[in-house]
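Structure at a glance
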Protein chains: 2
Amino acid sequence: MKIAGIWRRTIDHADKSVTVLDQTELPHQVAWRSFDTLADACEVIRDMVVRGAPLIGATAAWGVALAMRENLDIYTACAKLEATRPTAVNLKWALRQMRDGVKDTAGPDRLARARALAIKICNDDAETCEEIGHHGVGLLRAVFERRGKRNRVNVLTHCNAGWLATVDWGTALAPVYRAHEEGIPVHVWVDETRPRNQGLLTAWELAQHGVPHTVITDNAGGHYMQRGEVDLCIVGTDRTTRTGDVCNKIGTYLKALAAHDNQVPFYVAAPSSSIDWTLSSGGEIPIEERDGDELRKIRGVGIMTSDTAVGNPAFDVTPARLVTAIITERGLCAPGELLSLFPERA
Amino acid sequence: MKIAGIWRRTIDHADKSVTVLDQTELPHQVAWRSFDTLADACEVIRDMVVRGAPLIGATAAWGVALAMRENLDIYTACAKLEATRPTAVNLKWALRQMRDGVKDTAGPDRLARARALAIKICNDDAETCEEIGHHGVGLLRAVFERRGKRNRVNVLTHCNAGWLATVDWGTALAPVYRAHEEGIPVHVWVDETRPRNQGLLTAWELAQHGVPHTVITDNAGGHYMQRGEVDLCIVGTDRTTRTGDVCNKIGTYLKALAAHDNQVPFYVAAPSSSIDWTLSSGGEIPIEERDGDELRKIRGVGIMTSDTAVGNPAFDVTPARLVTAIITERGLCAPGELLSLFPERA
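Since this is a predicted model, take the numbers as computed values, not measurements.

1. Considerations on the overall build of chain A
For chain A, the count of helices and strands is 11 helices and 19 strands. Across the 346 residues that make up chain A, the buried fraction comes to 63%. Counted over contacts in chain A with a minimum sequence separation of 6, partners at least 24 positions apart contribute 74%. Surface accessibility of chain A: about 12,300 Å² in total, with carbon and sulfur atoms responsible for 46%. Positive and negative side-chain charges in chain A, numbering 39 and 44 respectively, have mean positions lying 1 Å apart.

2. Focus: the interface of chain A and chain B
Each partner contributes residues to the interface: chain A has 54 residues there, and chain B has 54 residues. At the boundary of chain A with chain B, total buried surface from both sides reaches about 4,200 Å², with 58% on carbon and sulfur atoms. Where chain A packs against chain B, one counts 4 salt bridges. The salt bridge involving arginine 194 of chain B is made with glutamate 192 of chain A; its shortest N-O contact spans 2.3 Å.

3. Topic: the sheet that holds strand β6 (residues 153-157) of chain B
Taken in spatial order, the 8 strands make up an open sheet running β16(A)-β8(B)-β7(B)-β6(B)-β9(B)-β12(B)-β18(B)-β19(B), and their pairing is mixed. The outermost strands of the open sheet, each flanked by one partner alone, are β16 (309-310) of chain A together with β19 (331-333) of chain B. Where strand β12 (residues 266-269) of chain B and strand β18 (residues 325-328) of chain B come together, 3 bridges link them in parallel fashion. For valine 268 of chain B, the partnering residue across the bridge sits in β18 of chain B and is isoleucine 326 of chain B. The strands touched by helix α7 (residues 198-208) of chain B are β6, β7 (186-191) and β8 (213-216) of chain B; relative to β7 of chain B, the strand with the most contacts, the crossing angle is about 160°. Seen against the sheet, helix α9 (residues 252-261) of chain B touches β6, β7, β9 (232-235) and β12 of chain B and runs at an angle of roughly 145° to β12 of chain B.

4. What to know about the side chain of threonine 128 of chain B
Residues and elements named next belong to chain B. Within the secondary structure, threonine 128 is located in helix α5 (residues 108-146). Using a relative accessible area of 16% as the deciding quantity, one classes threonine 128 as buried. The residues contacting threonine 128, other than those within four sequence positions of it, are Pro271 and Glu329.

5. Considerations on the pattern of salt bridges
All names here are of chain A. Applying the stated criterion across every chain yields a total of 36 salt bridges over all chains. Residue arginine 147 is joined to aspartate 231 by a salt bridge in which the shortest nitrogen-to-oxygen separation is 2.3 Å. Linking arginine 147 in the loop between α5 (108-146) and β6 (153-157) with aspartate 231 in the loop between α8 (221-226) and β9 (232-235), this pair joins segments that are 84 residues apart in sequence. Looking at aspartate 231, the relative accessible area reads 15%, which means it is buried.

6. A word on the environment of threonine 214 of chain B
Along the polypeptide, threonine 214 of chain B turns up in strand β8. Under the relative-accessibility criterion, threonine 214 of chain B is labelled buried at 10%. Those residues within four positions of threonine 214 of chain B in sequence are excluded, and the remaining contacts are Ala309, Val310 and Gly311 of chain A together with His187, Val188, Trp189 and Val190 of chain B. A polar atom in the side chain of threonine 214 of chain B sits 2.7 Å from the side chain of histidine 187 of chain B.

7. Description of the pairing of β6 of chain A
Residue and element names in this part refer to chain A. Among the 5 residues of β6, 5 are classified as buried, and the element is accordingly described as predominantly covered. Burial along β6 is two-sided: the face carrying Val153, Val155 and Thr157 and the face carrying Asn154 and Leu156 are both buried. Relative to strand β7 (residues 186-191), β6 runs parallel, the two sharing 5 bridges. What sits directly across from valine 153, in β7, is valine 186. What joins β6 to β7 is helix α6 (residues 174-182), and the crossover it makes is right-handed. Bridge count between β6 and β9: 2 bridges; the pairing is parallel. Residue pairing in the sheet places leucine 156 in a bridge with cysteine 233 of β9.

8. With respect to the packing of aromatic side chains
Residues and elements named next belong to chain B. A complete count under the given rule lists 6 aromatic pairs over all chains for this structure. The aromatic ring of tryptophan 32 is capped on one face by arginine 8, whose charged end is 4.0 Å from the ring centroid. Positioned above the aromatic ring of tryptophan 169 is the side chain of arginine 178, whose terminal nitrogen or guanidinium carbon lies 5.6 Å from the ring centre.

9. Here's the deal with the relation of the copies chain A and chain B
When chain A is fitted onto chain B, the two copies agree to an RMSD of 0.0 Å after a turn of 180° and an axial shift of 0.0 Å. What we have between these two chains is a two-fold relation. When the interface residues of chain A are mapped onto chain B, 100% of them are again interface residues, pointing to one common binding face.

10. Structural notes on the pairing of β9 of chain A
All names here are of chain A. Covered by surrounding structure in β9 are Leu232 and Ile234 together with Cys233 and Val235, the residues of both alternating faces. Sheet analysis places β9 next to strand β12 (residues 266-269), joined by 3 bridges and oriented parallel. Across the sheet, cysteine 233 pairs through a bridge with phenylalanine 266, a residue of β12.

11. Quick notes on unusual backbone geometry
Residue and element names in this part refer to chain A. Look at the link from leucine 26 to proline 27: it is a cis peptide, with omega at 0°. Proline 195 follows arginine 194 through a cis peptide bond whose omega is 10°. For proline 195, the location among the structural elements is in the loop between β7 and α7 (199-208).

12. A few points about the packing of helix α1 (residues 38-46) of chain B against helix α2 (residues 53-69) of chain B
Residues and elements named next belong to chain B. As a packed pair, α1 and α2 sit with axes 8 Å apart at the nearest point and diverge in direction by 165°. Relative to α2, the element α1 is oriented roughly antiparallel. Considering the relative orientation of α1 and α2, their crossing is left-handed. Residue-level inspection shows Leu38, Ala41, Val44 and Ile45 of α1 in contact with α2, the latter providing Ile56, Thr59, Ala60, Gly63, Leu66 and Ala67.

13. Some words on α7 of chain A
Residue and element names in this part refer to chain A. α7 sits mainly inside the fold: 9 of its 10 residues count as buried. Taken residue by residue, α7 has Gly199, Leu200, Leu201, Thr202, Ala203, Trp204, Glu205, Leu206 and Ala207 as its buried positions. Tucked into the core, α7 has its buried residues touching β1 (2-3), β4 (18-21), β6, α6, β7 and β8 (213-216). Glycine 210 sits one or two positions beyond α7 and adopts a positive phi of about 75°.

14. A few points about the sheet that holds strand β4 (residues 18-21) of chain B
All names here are of chain B. Strand order in the open sheet made by the 3 strands is β3-β4-β5, with antiparallel pairing throughout. Looking at which strands have only one partner, the edges of the open sheet turn out to be β3 (11-13) and β5 (32-35). Taking the axes of each pair of neighbouring strands and ignoring which way they run, one obtains an average angle of 25° across the sheet. Of the pairings in the sheet, the one linking β3 to β4 comprises 3 bridges and is antiparallel in character. Counterpart to isoleucine 11 in the pairing with β4 is valine 20. Sitting on the sheet, α1 touches β4 and β5, and the angle it makes with β5 is about 145°. Contacts between α2 and the sheet are confined to β3, β4 and β5, with β3 contributing the most and set at about 20° to the helix.

Criteria and cut-off values
- Residues numbered from 1 in each chain as written.
- Chains lettered and ligands numbered in written order.
- Predicted model: local features only at pLDDT ≥ 70, side-chain atom pairs only at ≥ 80, totals over all residues.
- Heavy atoms only, no water.
- Helix = DSSP H or I, 4+ residues; strand = E, 2+ residues; numbered from the N terminus.
- Buried < 20%, exposed > 50% of the residue type's maximum accessible area, 1.4 Å probe, protein only.
- Contact = heavy atoms within 4.5 Å.
- Areas by Shrake-Rupley, 256 points an atom, 1.4 Å probe, with all protein chains shown as cover.
- Lys, Arg positive; Asp, Glu negative; His and termini not counted.
- Charge placed at Lys NZ, Arg CZ, Asp CG, Glu CD.
- Buried area = accessible area lost by both parts, 1.4 Å probe.
- Salt bridge = Lys/Arg side-chain N within 4 Å of Asp/Glu carboxyl O.
- Pairing = 2+ DSSP bridges.
- Axes fitted to C-alpha atoms, helices over the stretch in contact; angles between N-to-C directions.
- Polar contact = N/O pair within 3.5 Å; in protein donor to acceptor, adjacent residues only side chain to side chain.
- Right-handed = clockwise from strand over helix to strand, strands pointing away.
- Phe/Tyr/Trp six-rings, centres within 6.5 Å; stacked < 30°, edge-to-face > 60°.
- Lys NZ or Arg CZ within 6 Å of the ring centre and 35° of its normal.
- Least-squares fit on C-alpha atoms with pLDDT ≥ 70 in both.
- Parallel < 35°, antiparallel > 145°, perpendicular 65-115°, else oblique.
- Left-handed = near helix turned anticlockwise from the far one by under 90°.

Shown next, in the form of structure tokens:
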């Protein structure tokens with residue numbers, strides 16, 4: 001997608017290094033960060049320089065390639081990368097691809113093979129997202145046409161499941177970008193997404209593309225739905241079970257409840273790499289507990305006394321019953337019907 | 001309640017002035033602000049130096065008394081105070097009390113009468129809250145006893161409906177303080193409450209009293225309810241209709257939905273002064289839209305580009321069907337049964 005009018009991907013590579021857009025500096029500054037070791041790749045993921053399940057997977061793939069350049073053991077490298085973030089399944093998925101593709105190769109071929117695979121994982125992710133946009137835009141078009149092509153289409157999203165969360169296009173925002181390119185007037189309600197304020201990333205990338213949007217607190221979405229000001233919700237996912245339970249950024253469940261209560265359709269954009277085919281219940285997904293300082297401090301300044309404890313779960317699980325449909329690279333389906341789109345997983 | 005071990009009220013008066021605890025400085029600093037004009041009283045309410053529906057009412061009552069000292073017209077004074085915040089009905093209620101009590105009196109008696117009435121409104125508020133605590137504590141005691149007096153009782157609250165929102169005791173927190181004094185082990189999940197972070201006020205006042213508590217993002221409450229870690233929710237209200245629709249801080253509706261979805265009882269502590277007997281539907285309540293800078297800036301520093309719009313509704317309406325019971329100074333009742341406790345309002 002575009003930064004200051006120029007098309008870029010969030011992750012790029014050179015002969016000996018990988019470069020990512022540093023998301024901790026956004027929206028204040030567009031900074032790129034290059035790294036060339038496995039240790040740096042782990043840090044980049046853990047410290048959320050990159051974030052978003054698909055981009056985490058892509059970055060981990062490049063982490064493995066860098067480890068091969070360092071002549072490290074493939075299993076050790078994958079274990080280190082896997083330990084950085086516990087919830088997103090794309091991470092495991094990408095590492096499995098890399099391990100399976102590299103483990104039986106030795107010598108100089110090993111690095112070449114790892115690089116080729118990492119490049120493929122990145123390209124596949126961009127294509128997958130483009131397909132999600134292609135399948136999802138019909139939902140927005142249908143609202144617009146039902147209204148006789150009057151009035152903007154209002155989409156609510158939580159966290160950042162846009163271009164910045166992927167290699168390109170985004171998941172939840174791919175249908176929005178495509179609608180915008182088709183000339184459908186679309187407006188996005190952007191949840192602030194505490195504690196890390198990823199809504200600001202969503203606002204920033206929508207602004208880069210000229211898509212109208214409004215940032216609201218995480219508290220406000222239900223109210224706008226009650227007022228009829230949300231036509232549909234689209235969110236991403238860090239891990240979705242084969243049964244359609246959706247693990248995504250903390251607070252997603254509350255929006256799904258509000259959507260259900262107000263007959264607003266609630267869609268989840270899920271590349272198949274974020275579907276965990278081994279799980280049949282969202283209750284089995286480990287929920288990452290992050291450092292309480294994410295709430296306790298604002299720009300490094302403490303805002304609570306030491307008598308106050310902090311809880312900071314990073315994700316929650318939205319049960320399949322609250323999800324209208326899942327948008328995958330192969331099309332839409334009811335949350336319980338994922339296997340009909342991916343029969344090879346049965 | 002206590003500040004550094006000393007019992008104080010949030011609002012106090014001297015011969016010629018009124019003093020309030022400056023809540024914009026908390027939790028960083030305990031500062032008191034004195035004022036002696038109607039204009040200052042209006043500013044104190046508008047700028048949220050005081051906040052919380054009951055305390056707004058009490059402060060407005062003193063604002064009228066100050067206006068009488070300035071020899072201003074009672075109707076003009078009430079109109080100015082009423083314009084400060086549109087949603088809380090206690091403000092209107094207190095101003096009506098003052099107007100009705102003062103309007104037919106002239107000369108020096110007018111000031112004396114206004115002062116006496118303001119004192120009574122403050123004392124009544126403290127008593128009302130104490131009664132709410134008395135009626136509400138049984139809910140916590142019942143959970144504790146059902147468990148064979150093992151394990152703490154977990155209460156979730158949104159915003160600040162504690163001592164700081166009233167003259168003393170608080171509304172939603174009054175049952176918590178009373179339980180704590182009775183030796184029932186109680187722990188409070190405190191919603192951060194964006195954009196103004198009133199959860200920090202709740203954390204601060206709970207800390208002053210030694211009540212264990214944990215601050216969480218507004219996104220997290222549903223997740224904790226799914227995990228069985230919330231026994232009951234208690235929130236305050238800025239205006240509740242005669243039919244039991246509850247207007248309260250933005251985001252309350254989302255917590256009520258989550259409570260309903262997880263069979264967690266959801267209680268609203270409502271002094272009768274916050275019940276609007278003229279309304280039969282929450283849809284009729286005007287919702288205050290506050291300045292977008294509350295989201296756009298952190299400590300005065302802009303965090304969004306100018307391409308980003310901001311929506312900032314301060315309240316939402318939780319429909320009566322999601323409310324288990326309302327706790328008033330006369331006892332508990334189902335949200336639709338308020339008139340059974342207040343038959344004089346029929």
